[in-house]
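The chain contents come next:
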Amino acid sequence: KAGVTQTPRYLIKTRGQQVTLSCSPISGHRSVSWYQQTPGQGLQFLFEYFSETQRNKGNFPGRFSGRQFSNSRSEMNVSTLELGDSALYLCASSLDGYWTYEQYFGPGTRLTVT
Amino acid sequence: GESVGLHLPTLSVQEGDNSIINCAYSNSASDYFIWYKQESGKGPQFIIDIRSNMDKRQGQRVTVLLNKTVKHLSLQIAATQPGDSAVYFCAEKNTGNQFYFGTGTSLTVIP
């Protein structure tokens, strides 16, 4: 079974631009979560989508948004990029079973804002 | 909000020894905890989980201990191997189904 894939793997953008990152979950997984990982803050939860609906949201500004498609693929968008948005963006999918919340992470997209 | 901290940012152990990585959490209502391993250039990988109604759970060479009284979580790795070198994260799930991660402990195994 293929794992979680994220594209692109690396991205360099200029401050003020916008960016869209893509995530394809494991087949059959309907929950997709996004995290930002930085050396100082660790992994921080951005949002979670389930069946095309945002189910949970972390404490990030409105510049960070996402969506999920009917095939469970998800995208996240960051508008008006700031230098502090430079980070590894991780996507995780889960089966969303009753007894387990195990998340499978993709390799991440490394975003550098200059 | 939740705060998940790790007692040591780095840990070095001799190959074959046991490793213990600790984690403190702040939300007594958290009901589920996970340990992840992250190798360089990769996303976090699930190691083991534990529900709040348990004190201990064992996997292959790994054991997670949960002390709800002091809100402490630990990961024990038996017979540590060079392939265990990585950053280890604990994560707690709150009742809103959000996960909060610690900043990680970097484990180095000395051959």
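About the criteria used
- Residues numbered from 1 in each chain as written.
- Chains lettered and ligands numbered in written order.
- Predicted model: local features only at pLDDT ≥ 70, side-chain atom pairs only at ≥ 80, totals over all residues.
- Heavy atoms only, no water.
- Disulfide = S-S within 2.5 Å.
- Helix = DSSP H or I, 4+ residues; strand = E, 2+ residues; numbered from the N terminus.
- Buried < 20%, exposed > 50% of the residue type's maximum accessible area, 1.4 Å probe, protein only.
- Pairing = 2+ DSSP bridges.
- Salt bridge = Lys/Arg side-chain N within 4 Å of Asp/Glu carboxyl O.
- Contact = heavy atoms within 4.5 Å.
- Buried area = accessible area lost by both parts, 1.4 Å probe.
- Polar contact = N/O pair within 3.5 Å; in protein donor to acceptor, adjacent residues only side chain to side chain.
- Nonpolar A, V, L, I, M, F, W, Y, C, P; charged D, E, K, R; others polar.

## Some thoughts on the state of the cysteines
Residue and element names in this part refer to chain A. Under the counting rule described, the total for this entry stands at two disulfides over all chains. Across a sulfur-sulfur distance of 1.7 Å, cysteine 23 and cysteine 91 are joined as a disulfide pair. Taking the sign of the S-S torsion, about -50 degrees here, the bridge from cysteine 23 to cysteine 91 comes out left-handed. Residue cysteine 23 is found in strand 3 (residues 19-24), and its partner cysteine 91 is found in strand 9 (residues 87-94); the two are separated by 68 residues along the sequence. Across the pair, cysteine 91 and cysteine 23 agree in class, each one buried.

## A closer look at the pairing of strand 9 (residues 86-93) of chain B
Residues and elements named next belong to chain B. Within strand 9, seven of the eight residues are buried, leaving the element largely enclosed by the surrounding structure. Pairing of strand 4 (residues 32-38) with strand 9, which is carried by seven bridges, proceeds in the antiparallel orientation. The residue of strand 9 that forms the bridge with lysine 37 is tyrosine 88. Here strand 9 pairs with strand 11 (residues 105-110) via three bridges, running antiparallel. Looking at the pairing, alanine 86 lines up with leucine 107 of strand 11. Two strands pair when backbone bridges link them, and strand 9 and strand 10 (residues 99-101) are joined in this way by three bridges, in the antiparallel orientation. Along strand 10, the bridge assignment pairs glutamate 92 with tyrosine 100. With antiparallel pairing between neighbouring strands as the criterion, strand 9 and strand 10 make up a hairpin whose turn holds five residues, including asparagine 97 at a positive phi of roughly 65 degrees.

## Points about the pattern of salt bridges
All names here are of chain A. Counted under the stated rule, the structure contains 10 salt bridges over all chains. The closest approach of N and O atoms between arginine 63 and glutamate 82, which form a salt bridge, is 3.6 Å. A residue pair is termed long-range when its members are at least 10 positions apart, and arginine 63 in the loop between strand 6 (53-57) and strand 7 (64-68) and glutamate 82 in the loop between strand 8 (74-78) and strand 9 qualify at 19 residues. Arginine 63 sits in the buried class, given a relative accessible area of 17%.

## What to know about the interface of chain B and chain A
Contacts between chain B and chain A engage 19 residues on the former and 22 residues on the latter. Regarding the contact of chain B and chain A, the summed buried area is about 1600 Å², with carbon and sulfur atoms giving 52% of it. The largest contributions to the chain B side of the interface with chain A come from B:Gln98, B:Phe99 and B:Phe101, which together make up 29% of the buried area. Inspection of the chain B/chain A interface yields zero salt bridges. Along the contact surface separating chain B from chain A lie two residue pairs in polar contact (both at pLDDT 80 or more). For the side of chain B that touches chain A, the secondary-structure elements that each account for two or more residues are strand 4, strand 5 (45-51), strand 9 and strand 10 of chain B. When residues in the side of chain B that touches chain A are grouped by element, the largest group, four residues, is from strand 4 of chain B. Taken together, the residues of the side of chain B that touches chain A sort by class into eight nonpolar, seven polar and four charged.

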